[in-house]
Amino acid sequence: MRTLLTSLVVTALLTAATLVVAAPEEGKAPPPPADTKATPAKALAVTLLPEDYSCTFCHADPQTFSGDTKHLLVTAKDLAGDVHWQKGLRCHDCHGGHAKLDEHVDHRADSTYRGPRSPGEIPGLCGRCHSSIEYMRRYNPSPRTDQESEYWTSGHGLRLKTAPDDKDVATCTSCHGHHGIQAANDLQSRVYPTRLAETCAACHADPERMKGRTYHEKPLGHNQYADWKKSVHAQALLKNGDLSAPTCNDCHGNHGAVPPEVDSVANACGTCHVKVATLFAQTVMKHRFEQADWEGLPGCAACHSNHEIRHPSDPMLGMGGEAFCSRCHGEGKGKYPDALAGKTAEGMSKELEKLQRQIAAAEQSLDDAEHLGMLVRDPRFRLRKARDALTNARSLVHGFSLGPMKQAVDEGLEVAVSVEQDGQKQFDEYAYRRIWLAVSLVPILIAVGLLLLYIRSLPVAGR
Amino acid sequence: MIALGVKKRVPIHSSTLFYFLGGMALFLFVLQVVTGALLSLYYKPSPDQAFESVQAIMTEVKFGWLIRSVHSWGANLIIGVLFLHVLTTYMMRAYRRPREFTWITGVLLLGLFMALGFSGYLLPWNELSFFATRVGTALAGKVPVVGAELLLVARGGENVTGDTLSRFYALHVAIFPLVALALMGFHLYLVQKHGMSTPERLPRGPGWYYGLPVLAAVGAVFPFCFANGLALLGVSLWKLLLVASALLLVWLYLGQESRPAVSHPATRVGAPKYDGPSMSFLPDFLLRDAVGWYLALGILAALAALFPWGLGEKASPLSPAPEGIQPEWYFLFMFQFLKQLPGHVLGEWLEGETAGVFFFGFVGLVVLLVPFLDWGDRSRRLLNVLAAPAVVFFIVMTAWGWFPDDPHLSVILGTSLLLGMLLLAVPFLERGQTARVGLWILFALGVLFLLGVIADRRWGLGTGHSLTERLVLWLGPR
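Residues numbered from 1 in each chain as written. Chains lettered and ligands numbered in written order. Predicted model: local features only at pLDDT ≥ 70, side-chain atom pairs only at ≥ 80, totals over all residues.

(A) Main features of the overall build of chain A. The helix and strand inventory of chain A stands at 24 helices and two strands. Each of the 463 residues in chain A was classed as buried or not, and the buried ones make up 22%. Within chain A, contacts between residues at least 6 apart in sequence are counted, and of these 54% link residues at least 24 apart. (Helix = DSSP H or I, 4+ residues; strand = E, 2+ residues; numbered from the N terminus. Buried ≥ 20, exposed ≤ 12 C-beta atoms within 10 Å, placed from the backbone. Contact = placed C-beta atoms within 7 Å.)

The structure is reproduced here in structure tokens:
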């Protein structure tokens, strides 16, 4: 009884000890991180201008500028992160006028003041410095100084030339901002690749702003941003963080932004998709898309669209319901019925399907073998060659010729078939091992049986 | 030698089966040496070639797959057998005077074989082994004062590199086997010198059917009591551990309180000679041993053929550790336990991992010194107070570590192993002993619980509040 009580007491003590050890650390806030270096806000803090600086006397006073004139208020917060400010430029360096309060002259009477007073003056205001190599070289050994000249060739610039007071036309400040301008390679910048489309969409996705706007007599529309966001390019850029994926400026240009012309759609796509663009350029399809009576989207966009470029899929090829080829080449459909083109499209589609099926069969065979515990590293590695062949075959679709594509498919088929055979060999090897296991167990069990019989024949153990 | 074998006697009683574990371990060791020597003909111990050489062994060398799989499965089997051998030796109290050093060499051999397993694990240079070695050797750095030097010695440098591989290869094929041979030689010499130990109590034989009526009565109400009642408690896994340990302790002590077992006078501690039923070592015991060896060979062949040992992906030291990295099963209990420890314990001055290392070091020391800590019945009971929770801890942590994301499977595995441990205790309890009844009650509870979890995994036991949900609630947050 005493022993039982002792054991229960010991158990209770063990329980208590373990509860103490296992109890989570509650109510204990982690120590704050040591402040060992300046935060970004501190690093970008704007040092106050001297009190006798004329601009801030009015423009930093929220009581002077509010309501309708609030856009003229410039605070330290506005300038935090501004690349011009960081380089040492101040208000008068851009806007002119007199820095000292004692020397201040009313803007309206001051000939040295550079407002700007209207949107049409903005490019020139910025270009005053940004178009001067001698000036920009102070800050960058290899500066670009053609932004202003490019701008005047753009759709925005062309419009501004005819309507300098149109506030809805994009100028430098529309994209870059006016105070608080960040370098283009700054993550926070409005023109950083991951934010640029949003900046363009501020106008181009606004139905009111885009109402009645045309380019070469075609309405501009306002769906481009929404379409682009569904595209494979937006996925790559925004979700996968791939900065090489195109956004608006990659196809339309930066400062000379225009919609790509009929010929240059393929050239725009071809800056990245070189191989398919080269193949496409040699075909009759390219030239067909350039003809005056072509009503669809030009070039690559005819099949792949311009903004809502989805991931291409094999059903796009062929004469099936979803196929793009059948829109023009189907029997009784479209304006360009062409039996040969239809047969080519159908043939290419079948070839791709054949190779995909074979690759899937090879993969399944390897998966099944691996599931049994067999090693399939080398065959898996070789199967990559078949997948490369499939990618190559898909690119060759843009040559619109069955011959080269079939050759690529056949190369892939050869590899995939051989890999499937390797997978099958692993099954055979596994079956072989099982058979020989059964065979080897026979002598083992015979030996065990004989031993047991011999043991039984011995005098009884224990006596 | 033959005369010695014929002269040597092996006692016959209900725990005689446990005597075969030592011979089984020896057989598996010989098998490991033979297969290891064959593997070393083709294996290349460098980071650029290790993985490829193992791959070549598995795919190009004739029967290379068999040798490698037998070697890998054999390594796991030998450690499992050694764990059982040490546990049953403890249960039989076979470490008593004059067999203290037999126990010490045995425990050292267990540690050495675990080290052999750890060193061999790295040799294929695959992802799993690389990162598991990195984590395992990092623990050496947690030892205070000498931790940094220990880490450098263990890894052959700051990080796990080709130097670590060469070092582990040398340890695995030369140093550890030589030390193991020396220790085993001494261990076997001591076994021969002192003869086979006998347990103090010699129950007449198993009476497993005794608990059946109890089983039937309890089984009817168990699912409801257990699932509903305990779900309300909302306790953590630690407490589950303690409840299970407490149950085991209670029946252990009930056993101590039972009627005196039939005990041969000659088996009392210090008795000079055993004169009960026995068999000769040669040929009786050895022939029976050989049956076990052949069966083990067959099992290994079947495992190698049906479940060939995998290779995984080649280690890429610059890549982040993939998900699901865990050591081999015999280190899982330590790994899982260390994962649960907080960053610091007892205030801020002791790191959690360091405390864990100390804890396992202390436990190892206690295990090593068991013969000197057991000086009578009372001290033995105190040791049992520690041993029962230790076994439960090992099993629960191993099961949890094996299936960290699947409560069903970890509970199924852990419960099955615990039930196996209960069965191990049967030979030590006499028919009629209260503890034996208690054991069967526990066993019945365990089997029903196991069936319930299996059924829940397969079918679910109703919407909203399945047994698993209740169990997970009961276990508390992990």
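(B) Summary view of the overall build of chain B. On a plain count of helices and strands, chain B comes out with 18 helices and four strands. Taking all 478 residues of chain B together, the buried fraction comes to 37%. A separation of at least 24 residues holds for 77% of the contacts in chain B among residues at least 6 apart in sequence.

(C) Broad picture of the packing of helix H12 (residues 329–340) of chain B against helix H15 (residues 377–402) of chain B. Residues and elements named next belong to chain B. Between H12 and H15, the shortest axis-to-axis distance is 7 Å and the interhelical angle comes to 90°. Relative to H15, the element H12 is oriented roughly perpendicular. Residues Trp-329, Leu-332, Phe-333, Phe-335, Gln-336 and Phe-337 of H12 form the contact with H15, whose own contacting residues are Phe-393, Phe-394, Met-397, Thr-398, Trp-400, Gly-401 and Trp-402. Of the residues in the contact of H12 with H15, the class split is ten nonpolar, three polar and no charged. (Axes fitted to C-alpha atoms, helices over the stretch in contact; angles between N-to-C directions. Parallel < 35°, antiparallel > 145°, perpendicular 65-115°, else oblique. Nonpolar A, V, L, I, M, F, W, Y, C, P; charged D, E, K, R; others polar.)

(D) Just the domain arrangement of chain A, in detail. All names here are of chain A. Examined at the domain level, chain A breaks down into domain 1 (266–309) and domain 2 (339–429). Its C-alpha centre places domain 1 at a distance of 28 Å from the equivalent point of domain 2. Contact with domain 1, which involves six residues of that partner, is made by five residues of domain 2. Class assignment for the residues of the side of domain 1 that touches domain 2 results in four nonpolar, one polar and one charged. (Domains from an automatic or database assignment.)

(E) Just helix H6 (residues 127–138) of chain B, in detail. All names here are of chain B. Along its twelve residues, H6 runs 17 Å from first to last C-alpha, staying within 8% of the 16 Å computed at 1.5 Å per residue. Looking at H6, one finds that the buried residues are Leu-128, Ser-129, Phe-130, Phe-131, Ala-132, Thr-133, Gly-136 and Thr-137. In this structure, the buried residues of H6 make contact with helix H5 (100–122), helix H7 (147–155), helix H8 (162–194) and H12. (Expected span 1.5 Å × (residues − 1).)

(F) Looking closely at the nonpolar core. Residue and element names in this part refer to chain B. Grouped together as the largest cluster of nonpolar side chains are 65 residues, with contacts concentrated most on Leu-28, Ile-78 and Trp-125. When residues in this core are grouped by element, the largest group, eleven residues, is from helix H4 (residues 64–91). In this view, Ile-78 contacts Ala-25, Leu-28, Phe-29, Gln-32 and Phe-113; residues no more than four positions away in its chain are not counted. (Core = buried A, V, L, I, M, F, W, Y, C linked by C-beta atoms within 7 Å.)

(G) The confidence of the model for chain B, seen in detail. All names here are of chain B. Per-residue confidence for chain B gives a mean pLDDT of 79, with 78% of residues at or over 70. Confidence drops under a pLDDT of 50 for residues 202–237, and excluding neighbours within four residues, the segment shows 63 contacts in the predicted structure. Low confidence marks residues 254–272, where pLDDT is under 50. Its contacts with residues over four positions away, or in another chain, come to 35 contacts. Here the predicted complex scores 0.71 on pTM and 0.74 on ipTM. (pLDDT = per-residue confidence, 0-100.)

(H) View of the confidence of the model for chain A. Within chain A, residue pLDDT values average 83, and 85% of them lie at 70 or more. This model gives residues 18–44 of chain A a pLDDT under 50, and the stretch forms nine contacts once residues within four places in sequence are excluded.

(I) Representation of the environment of B:Phe27 in the model. All names here are of chain B. Along the polypeptide, Phe-27 turns up in helix H2 (residues 20–40). On a C-alpha basis, the gap between Phe-27 and Pro-322 in space is 36 Å, while along the polypeptide they are 295 residues apart. What Phe-27 contacts, discounting residues up to four positions off in sequence, is Trp-293 and Ala-296.

(J) Broad picture of the packing of helix H23 (residues 377–396) of chain A against helix H24 (residues 402–457) of chain A. Residue and element names in this part refer to chain A. Closest axis-to-axis distance for the H23/H24 pair is 8 Å, and the angle between their directions is 160°. Compared by their axis directions, H23 and H24 come out roughly antiparallel. Crossing of H23 over H24 shows left-handed handedness. Judged by residue contacts, Pro-379, Arg-382, Leu-383, Lys-385, Ala-386, Ala-389, Leu-390, Asn-392, Ala-393 and Leu-396 of H23 engage Pro-404, Met-405, Ala-408, Val-409, Glu-411, Gly-412, Val-415, Ala-416, Val-419, Asp-422 and Gly-423 from H24. (Left-handed = near helix turned anticlockwise from the far one by under 90°.)

(K) The arrangement of unusual backbone geometry in detail. Residues and elements named next belong to chain B. Put simply, Arg-97 and Pro-98 share a cis peptide bond, and its omega is 10°. Inspection of the secondary structure assignment puts Pro-98 in the loop between H4 and H5. A cis geometry characterises the amide bond from Leu-282 onward to Pro-283, with omega recorded as 0°. Looking at the secondary structure, you find Pro-283 in helix H11 (residues 281–306).

(L) Examining the environment of B:Arg93 more closely. All names here are of chain B. Among the secondary structure elements, Arg-93 is positioned in the loop between H4 and H5. Classification of Arg-93 by C-beta neighbours within 10 Å gives buried; the count is 20. Sequence-wise, Arg-93 and Pro-371 are 278 residues apart; in three dimensions their C-alpha atoms are separated by 8.6 Å.

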